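# Descriptive structure summary
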Amino acid sequence: MPGARVAILTVSDTAAADASVDRSGPTIQSVLTQAGYVCRHLVIVPDDEIRIRTVVLAWCDQGDIDWIITTGGTGFGVRDRTPEAIKPLLEREAPGLVHLLLSASLQSTPLAALSRPVAGTIRHTLIITLPGSHRPVTPCRNLAALLNAGVVNHAIELVRGGSGGAVHAQLSAEGVRVPSVAGSAASASTSGFEDAGAHHHHHHGHDHAPPQPRSVLSHDPGLPAHTRQRESPYPLVSVAEAYLTILREIQPLPAHEQPVTPRLRGHVIAEDVYAPQNVPATPSTNVDGYALCSTDLPGIYKVLSSRTHPLAAPLPPGTVYRVNTGGPLPAGVDAVIMVEDTRLHSTQRTPSGEEYEENEIETLVQVPPGEDVRDAGSDVRRGELVLERGTVVNGAGGEDVNVIRKPVVALLSTGNELLDMQAPHPLPGDGWGGRWDTNRPSLRAAIEGLGYEVIDLGIVPDSLEAHVAVLTRGLESADLLLTTGGTSMGVGDLLKPVIERHLNGTVHFGRVKVKPGKPTTFATIPTPGGRNERVPIFALPGNPASALVMFHVFVIPALRKLGGWPEPRCRLPSVRVQIQETMRLDPRPEYHRAIIRASVSGFKAYSTGGQRSSRVASLKGANGLVALPARGEKGPSRLEIGDVVEAIMIGEMQME
């Protein structure tokens, strides 16, 4: 469909490191542009499921992309994960398009049978994955099959919510058979979309979010201990599924007007900002020197300044006007001569004979028109777009601006055994004095270090009433609740039951296939009449390393999404690192705490030692989380020195 808006995503570790090797993406862009499509984006990401999904979902959320094409990562290589990244996102699959792609490829080579394309829709956007290749002819062959006979054009129109009538008419004019108005349901198109004349109802404009479980899975804390569940009823979800669930369930907070002060740092602009005036407002100087006319010849000139001459009045003949860098110029001048191109000729003296001010200077050269002059509006013109909606503010200066409200976090720890480090009173009992609550102060420091306000709700004992009371207080005062402890299978682990049974909340996931952090829980609780319609809550494990790792993996992206950050930037940045120690693999994917250093040969990761989930010392000095893959049944049991994996940066990069 000429004019359809297209986004192209190249998936390749190699191209992500060196964009010049990407031949598929630019080739697809060239072919589609020549065919009349509007290519809005051409982006390269490595073979990483979360990075692929984040970019695709961000494009779909924009609402201005009709067709997303990915190229690369569809084969059987170890790093080929594009189908796994895209397929869970699809709301309606299009097996007919997949068949078309495979048929076109198999005409050239039987090796095409190893390609694993997927196709379908996300809301009003068509998604098709193409193979990547160092030979651009491969994706072009697939494109030709899609463009032939208007197949993809028809699909785009239907996804947009159209009837398909225009495409039907075009195809009929070209002699292509189309279903009649009286067609039956059996005449569905092989493209995977309904195409049956009178039955052509596509039901666009509706939300297609996957259904959410409404059943209560948590145990009833009012029953005796022997009746509790022995296995968690919550499905074990992958890190990618958990991350995408968070992005789907959390929406940005409302916007408000805020003065432009240093406190604006970290906020997200809620609307486009246009310059209210020219910058600079009037002609000004780039250097320290003297304003004059370009026709003035080298010679002796009397020196004027802001104390002796108004800016609005032209300079008298035989004078120059002293200016400092960035200062305004008087009327009538068109050049500035640098101090270095002048010589002091005479000075003004006090009655006692002391020199105190320049009187005359000698100019040594004649300067051309416009020399070292900044015209009015040369930096920014009035009415020009200076900040786009979605920009994260890193500096401040100007008038009030409309920004997304930054979330306030209510923080608490749970457990009868915990001791408050600010009030160190040992617990009464049989000599065991309790366990220090290190999670709350550590998380508070991390949250406030990111620029968010924290409401400290303290330590909550293992009682139903205390949990309900404190969580209710948090819901009334905060935009996100963050708890540690109480998420596992113990009798006193009350968070899930309180969320589901007493606060009418929905647990979106209660276990994650990850190490450390398996009991990590994410839920939302409705708050009618409150600050927001509902408040997200993260219940992190009580083990210190688990809590801090899951905070960086899940909670920071949630805070950024609440604050209006663009989805591709919600996740902390990651780099490819070369590990410097052998690292054992676990059946679960693992985040290995490490020190990442930059060297001339790339980024290197050094383990911080023992990785036990309760060992908070594993985070000492750590600035990265090395993402170790799960150990496969027939795969290696460890990664060796020199192996390259991805690492999430959680601190400042170090130099080797």
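How each quantity is defined
Residues numbered from 1 in each chain as written. Predicted model: local features only at pLDDT ≥ 70, side-chain atom pairs only at ≥ 80, totals over all residues. Heavy atoms only, no water. Pairing = 2+ DSSP bridges. Helix = DSSP H or I, 4+ residues; strand = E, 2+ residues; numbered from the N terminus. 1 Å grid on protein atoms, 1.4 Å probe; cavity = no way out; pocket = protein on both sides within 12 Å on 5 of 7 lines; lining within 4 Å. Points joined across faces, edges and corners; volume = space filled by probe spheres on them. Nonpolar A, V, L, I, M, F, W, Y, C, P; charged D, E, K, R; others polar. Salt bridge = Lys/Arg side-chain N within 4 Å of Asp/Glu carboxyl O. Buried < 20%, exposed > 50% of the residue type's maximum accessible area, 1.4 Å probe, protein only. Phe/Tyr/Trp six-rings, centres within 6.5 Å; stacked < 30°, edge-to-face > 60°. Lys NZ or Arg CZ within 6 Å of the ring centre and 35° of its normal. Axes fitted to C-alpha atoms, helices over the stretch in contact; angles between N-to-C directions. Contact = heavy atoms within 4.5 Å. Parallel < 35°, antiparallel > 145°, perpendicular 65-115°, else oblique. Left-handed = near helix turned anticlockwise from the far one by under 90°. pLDDT = per-residue confidence, 0-100. Core = buried A, V, L, I, M, F, W, Y, C linked by side-chain atoms within 4.5 Å. Expected span 1.5 Å × (residues − 1).

This part takes up the pairing of strand S20 (residues 401–404). One ladder, built from four bridges, connects strand S8 (residues 255–258) with S20; its direction is antiparallel. In the strand pairing of S20, Glu257 is matched with Asn402. Here strand S9 (residues 268–269) runs beside S20; their pairing, made up of two bridges, is antiparallel. Following the sheet pairing, Val268 is matched in S20 by Ile404.

Glancing now at the layout of surface pockets. Here the second largest pocket is characterised by a volume of approximately 1100 Å³. As for the second largest pocket, its lining consists of 31 residues, of which Glu49, Arg79, Arg81, Pro629 and Ala630 are closest to the centre. Listed by contribution, the elements that provide at least two residues to the lining of the second largest pocket are helix H3 (49–62), helix H9 (239–249), strand S32 (590–599), strand S34 (624–628) and strand S36 (644–649). Ranked by residue count, the leading element in the lining of the second largest pocket is S36, at four residues. Per-class residue counts for the lining of the second largest pocket are 15 nonpolar, three polar and 13 charged.

Let us now look at the pattern of salt bridges. If you walk through the whole model with that rule in mind, you get 31 salt bridges. Its salt-bridge partner being Arg588, residue Asp586 comes within 3.8 Å of it at the nearest N-O pair. Overall, Arg588 belongs to the partly exposed group, its relative accessible area being 24%. Linked through salt bridges whose partners overlap, the residues forming this network are Asp420, Asp437, Arg440, Arg444, Glu448 and Asp456.

Take the pairing of strand S12 (residues 289–292) next. Where S12 lies against strand S14 (residues 319–323), three bridges are found, and the strand directions are antiparallel. In the sheet register, Ala291 faces S14, and the bridge partner there is Tyr321.

A few words now on the packing of aromatic side chains. Following the criterion strictly, the structure yields four aromatic pairs and no others. An aromatic cluster is built from Phe509, Phe522, Phe538 and Phe554, whose rings are joined through pairwise contacts. If you follow Arg116 out to its NZ or CZ, it ends over the ring of Phe76, 5.6 Å from the centre. The ring of Tyr234 is capped by Lys496, whose NZ or CZ atom sits 5.3 Å from the centre of that ring.

Another point: the sheet that holds strand S16 (residues 342–349). Taken together, the six strands give an open sheet; going across it, the order is S15-S12-S14-S13-S17-S16, and neighbouring strands pair in mixed fashion. Either end of the sheet is taken by a strand with one partner, and the two such strands are strand S15 (335–338) and S16. Pairs of neighbouring strands in the sheet enclose a mean axial angle of 40°, with direction left out of account. Two strands pair when backbone bridges link them, and S12 and S15 are joined in this way by four bridges, in the antiparallel orientation. Counted as the bridge partner of Tyr290 is Ile337 from S15.

All right, on to the environment of Val507 then. Looking at where Val507 falls in the secondary structure, it is placed in strand S26 (residues 506–509). Overall, the relative accessible area of 7% leaves Val507 in the buried class. Residues Val507 and Thr524 lie 17 residues apart in sequence; the distance between their C-alpha atoms is 6.7 Å. Apart from the residues lying within four places of it in its own chain, the contact partners of Val507 are Tyr234, Ile499, Glu500, Thr521, Phe522 and Ala523.

Turning our attention to the packing of helix H11 (residues 464–477) against helix H12 (residues 495–502). H12 packs onto H11 with a crossing angle of 65° between their chain directions and a minimal axis gap of 10 Å. Comparing the axis directions of H11 and H12 gives the class roughly perpendicular. As H11 packs across H12, the resulting crossing turns out to be right-handed. Residues Leu464, His467, Val468 and Leu471 of H11 touch H12, and the partners they reach there are Leu495, Val498 and His502. Class assignment of the residues belonging to the contact of H11 with H12 gives a composition of five nonpolar, two polar and no charged.

Moving on, we come to the confidence of the model for the protein. Averaged over every residue, the pLDDT of the protein is 84; the share at 70 or more is 83%. Segment residues 174–214: pLDDT under 50, and 66 contacts once partners within four positions in sequence are set aside and those in other chains are kept.

Attention now moves to the nonpolar core. Residues Leu480, Leu482, Phe538, Val553, Phe554 and Tyr591 are the most contacted members of the largest nonpolar core, which totals 47 residues. Contributing elements (two or more residues each) for this core: H9, strand S21 (408–414), helix H10 (439–449), strand S25 (480–484), strand S29 (534–540) and helix H13 (544–562). A total of twelve residues in this core trace back to one element, the largest contributor, which is H13. Apart from the residues lying within four places of it in its own chain, the contact partners of Leu482 are Val409, Ala410, Leu411, Leu412, Leu443, Ile447, Phe538, Leu540, Phe551 and Val555. With 23 residues, the next largest nonpolar core counts Ala410, Val470, Ala478 and Leu481 among its residues.

In an α-helix there are 3.6 residues to a turn, and that puts residues three or four apart on one side. Taking 1.5 Å per residue, twelve residues should reach 16 Å; helix H5 (residues 95–106) reaches 16 Å between its end C-alpha atoms and fits that length. Turning to H5, its buried residues are Gly96, Leu97, Val98, Leu101, Ala104 and Ser105.

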